[in-house]
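# Structural features, examined
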Amino acid sequence: MTAIRNNWTTEEILNVYNTPLLDLIYKAQTIHREFNDASEVQVSSLISIKTGGCAEDCSYCPQSVKYNTGIEAHKLMTLEEVLFAADKAKEGGASRLCMGAAWREVRDNKDFDRVIEMVKGVNAKDMEVCCTLGMLTENQAQRLADAGLYAYNHNLDTSEDSYKKIITTRSYDDRLNTIKNVRKAKVTVCSGGIIGLGESVEDRVKMLQTLSSMEIQPESVPINALVPVAGTPLENQPLVPIWEMVRMIATTRIVMPKTVLRLSAGRNQMNLEGQALCFLAGANSIFAGDKLLTTPNPSFNEDMEMFNLFGLTPRKAFKGEKKTTKSLQEVESK
Ligand code: SAM
Ligand code: DTB
Ligand code: SF4
């Protein structure tokens with residue numbers, strides 16, 4: 001029985017990352033099968049509830065107000081629009097709905113009140129409801145928890161060192177602090193990163209070290225491949241080679257055996273063979289729907305064809321641990 005370790009060193013993770021590719025995939029798949037049902041993949045749907053005009057300068061992001069990317073900004077969607085979109089997503093087989101807002105942080109205003117109503121409404125549909133709204137205070141995290149929020153997405157994106165080169169308007173500590181606030185409110189944590197920003201392998205590994213050494217590892221870890229968007233400072237970055245994505249996913253699976261590991265942005269740049277390798281390497285979640293937040297993604301139908309081809313089935317909602325996870329209770333009773 002493999003134990004979940006919270007004490008991986010950067011050097012150990014680097015060794016895992018550099019394992020010969022086929023051995024690495026085999027090892028990751030073995031661990032994946034020990035902890036998870038490898039025939040199941042979680043289907044999560046993403047809605048951009050507030051698009052563009054964000055005050056942060058994240059170099060990869062088409063929604064920053066600092067770059068001219070030609071995306072159409074949109075104020076906060078209405079409750080009815082979101083509930084309608086949630087119904088469509090559920091019909092398409094999604095068990096989780098993630099609502100994203102291009103905000104630097106949440107403010108205690110009417111918009112947040114409306115997001116609270118959205119969380120209540122989606123929760124009532126028996127879907128795992130997730131939000132990604134930027135920085136949160138303890139109190140805001142608690143309000144979301146009380147409304148029935150299942151997960152909060154807040155990515156570390158890269159290592160602490162490379163973070164400073166990618167974003168100047170907030171710090172790594174700001175990021176970690178929001179994650180702490182989410183934990184305190186007993187909402188599950190979704191936190192991962194992006195590869196292809198120009199970071200080194202060491203940066204990728206350091207990010208995994210930070211995530212895996214959290215007292216409770218994130219219940220969900222999205223790994224995004226950069227989608228280079230014209231107008232952003234990273235528009236000319238080369239696409240991430242599939243082998244690097246496979247290595248990153250396999251390493252994530254090995255150091256965080258039980259997490260729901262999401263093959264996130266970048267699938268439109270991959271063929272089916274590449275995606276099959278990512279599932280073999282231990283990915284067990286995708287974002288489905290023809291749009292991520294602002295960039296294209298394979299359609300629901302294409303993904304269902306892929307599931308049929310690979311013999312995968314969509315995982316049911318709330319299959320993982322409920323908000324007060326066993327591991328969380330264990331930590332609390334220490
Ligand atoms: N504003 C909130 C925040 O930054 O936490 C939530 C939305 S933000 C768009 C969520 C995540 O999307 C980022 O942390 C990043 O990992 C990912 N992302 C944004 N633009 C991307 C791109 N062009 N390619 C890949 N991933 C991207
Ligand atoms: C995550 O890690 N990836 C998603 C979700 N969490 C919010 C967002 C990907 C965004 C890709 C660029 C876009 O579509 O704007
Ligand atoms: Fe804003 Fe989030 Fe985009 Fe950064 S990643 S610019 S915080 S929407």
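To be clear, the structure that these remarks concern was listed above.
Residues numbered from 1 in each chain as written. Chains lettered and ligands numbered in written order. Predicted model: local features only at pLDDT ≥ 70, side-chain atom pairs only at ≥ 80, totals over all residues. Heavy atoms only, no water.

### Looking at the packing of aromatic side chains
Just so we agree on the cut-off: A pair of Phe, Tyr and Trp rings is counted when the ring centres sit within 6.5 Å of each other, with Trp represented by its six-membered ring. The angle between the planes then sorts it: under 30 degrees is stacked, over 60 is edge-to-face, the rest tilted. Where helices and strands are cited, they refer to DSSP runs of H or I of at least four residues and of E of at least two residues respectively, numbered from the N terminus. Relative accessible area decides the class of each residue, using a 1.4 Å probe on protein chains only: under 20% of the type maximum gives buried, over 50% gives exposed, and in between gives partly exposed. Any Lys NZ or Arg CZ that is within 6 Å of a ring centre and within 35 degrees of that ring's normal is treated as a charge sitting over the ring.
What the rule picks out here adds up to 2 aromatic pairs. Their ring planes at 65° and their centres at 5.2 Å tell us that Tyr163 and Tyr172 sit as a pair that is edge-to-face. An angle of 70° between the planes, with centres 6.2 Å apart, marks the rings of Phe279 and Phe310 as edge-to-face. Separated by 31 residues along the polypeptide, Phe279 in helix 10 (residues 272–280) and Phe310 in helix 11 (residues 300–310) bring together distant segments of the chain. The exposure class assigned to Phe310 is partly exposed, which follows from its relative accessible area of 27%. The side chain of Arg5 reaches across the aromatic face of Trp8, ending 4.2 Å from its centre.

### Examining empty space enclosed by the protein
The condition is simple: Here the term cavity refers to a set of points on a 1 Å grid, laid over the protein atoms alone, in which a 1.4 Å probe fits but cannot get out; the term pocket refers to an open set having protein on both sides within 12 Å along at least five of seven lines, with lining residues being those that place an atom within 4 Å of a point. Grid points are joined across faces, edges and corners, and a volume is the space filled by probe spheres set on the points.
Considering all chains together, one arrives at 1 cavity of 30 Å³ or more under this definition. Considered as a void within the structure, the largest cavity measures approximately 790 Å³ in volume. Together, 35 residues line the largest cavity, and Tyr60, Cys61, Gln63, Asn155 and Leu293 are the ones closest to its centre. For the lining of the largest cavity, the secondary structure elements donating two or more residues are strand 2 (96–101) and strand 7 (220–225).

### What to know about the packing of helix 2 (residues 21–35) against helix 9 (residues 242–255)
Two packed helices can be described by the angle between their axes and the distance between those axes. The criterion, for reference: Here, axes are lines fitted to C-alpha atoms. For helices the fit covers the stretch in contact, and angles between N-to-C directions go from 0 to 180 degrees. Working rule for angles: under 35 degrees goes down as roughly parallel, over 145 as roughly antiparallel, 65 to 115 as roughly perpendicular, anything else as oblique. For any helix crossing, the convention is left-handed if the near helix is rotated counterclockwise from the far helix by under a right angle, and right-handed if that rotation is clockwise. The contact rule is simple, with two residues in contact once any of their heavy atoms fall within 4.5 Å. Residues were grouped as follows: Ala, Val, Leu, Ile, Met, Phe, Trp, Tyr, Cys and Pro as nonpolar; Asp, Glu, Lys and Arg as charged; and all remaining residues, including Gly, as polar.
As a packed pair, helix 2 and helix 9 sit with axes 9 Å apart at the nearest point and diverge in direction by 40°. For the element pair helix 2 / helix 9, the angle class is oblique. Crossing handedness for the pair helix 2 and helix 9: left-handed. Residues Leu21, Leu24, Ile25, Lys27, Ala28, Ile31 and His32 of helix 2 lie in contact with helix 9, whose contacting residues are Trp243, Val246, Arg247, Ala250, Thr251, Arg253 and Ile254. Taken together, the residues that form the contact of helix 2 with helix 9 break down as 9 nonpolar, 2 polar and 3 charged.

### What to know about the pairing of strand 7
Spelled out, the test is: The rule for pairing is simple: two strands pair if DSSP sees at least two bridges between them. Crossover handedness is defined by viewing with both strands directed away from the observer: a clockwise path from the first strand over the helix to the second marks the crossover as right-handed.
Along strand 7, 6 of the 6 residues are buried, which leaves the element largely enclosed by surrounding structure. Along strand 7, one buried face is formed by Ser220, Pro222 and Asn224 and the opposite face, lined by Val221, Ile223 and Ala225, is buried too. Both strand 6 (residues 193–195) and strand 7 contribute to a ladder of 3 bridges, which runs parallel. If you follow Ile194 over to strand 7, its bridge partner there is Asn224. In this region the chain leaves strand 6, passes through helix 8 (residues 201–212) and returns to the parallel neighbour strand 7; the handedness of that crossover is right-handed. Pairing geometry for strand 7 and strand 8 (residues 260–263), over 4 bridges, is parallel.

### Let's talk about the side chain of Asp157
To keep it simple, the criterion reads: Under this rule, positive means Lys or Arg and negative means Asp or Glu; His and the chain ends count for nothing. Any Lys or Arg side-chain nitrogen located within 4 Å of an Asp or Glu carboxyl oxygen qualifies as a salt bridge.
Mapping Asp157 onto the fold places it in the loop between strand 4 (151–153) and helix 6 (160–166). No salt bridge is formed by the buried Asp157; its nearest oppositely charged neighbour, Arg175, is found at 4.6 Å. Discounting residues that sit within four places of it in the chain, Asp157 has contacts with Tyr60, Tyr163, Gly192, Gly193, Ile194, Leu197 and Met207.

### Remarks on helix 8
Short version of the rule: Expected span of a helix, by definition, is 1.5 Å for each gap between consecutive residues, and there is one gap fewer than residues.
Over its 12 residues, helix 8 extends 16 Å from the first C-alpha to the last, a length consistent with the 16 Å expected when each residue adds 1.5 Å. Looking at helix 8, one finds that the buried residues are Asp203, Arg204, Val205, Met207, Leu208, Leu211 and Ser212. Here the buried face of helix 8 lies against helix 1 (10–17), helix 6, helix 7 (172–184), strand 6, strand 7 and helix 9.

### Structural notes on unusual backbone geometry
Residues other than glycine seldom take positive phi values, yet Asp157 does so here, at roughly 70°. A positive phi angle is found at Lys186, which is not glycine, with a value near 60°.

### What about the site of ligand 2?
For the record, the criterion: Summary of the distance rule: residues count as near a molecule or strand when at least one heavy atom falls within 4 Å of that molecule or strand. Each polar contact in these results corresponds to two N or O atoms within 3.5 Å; when the atoms are within protein, one needs to be able to donate a hydrogen and the other to accept it, and residues that are neighboring in sequence are counted only if both atoms are side-chain atoms. Residue exposure ignores everything except the shown protein chains as possible cover, and the areas themselves are Shrake-Rupley values with a 1.4 Å probe. Put plainly, a molecule is in a cavity or pocket when over half of its atoms are within 2 Å of the grid points there.
Residues in close proximity to ligand 2 include Leu46, Pro62, Thr132, Asn153, Asn155, Pro222, Asn224, Phe287, Leu292, Leu293, Thr294 and Thr295, which together make up its full environment. A distance of 2.6 Å separates an oxygen atom of ligand 2 from a polar atom in the side chain of Thr294. A distance of 2.8 Å is found between an oxygen atom of ligand 2 and a side-chain nitrogen or oxygen belonging to Thr295. Within the complex, the protein chains bury 88% of what would otherwise be the 410 Å² of accessible surface of ligand 2. Mapping ligand 2 onto the cavity grids shows that it belongs to the largest cavity. Residues belonging to the shell around ligand 2 are distributed by class as follows: 6 nonpolar, 6 polar and no charged.

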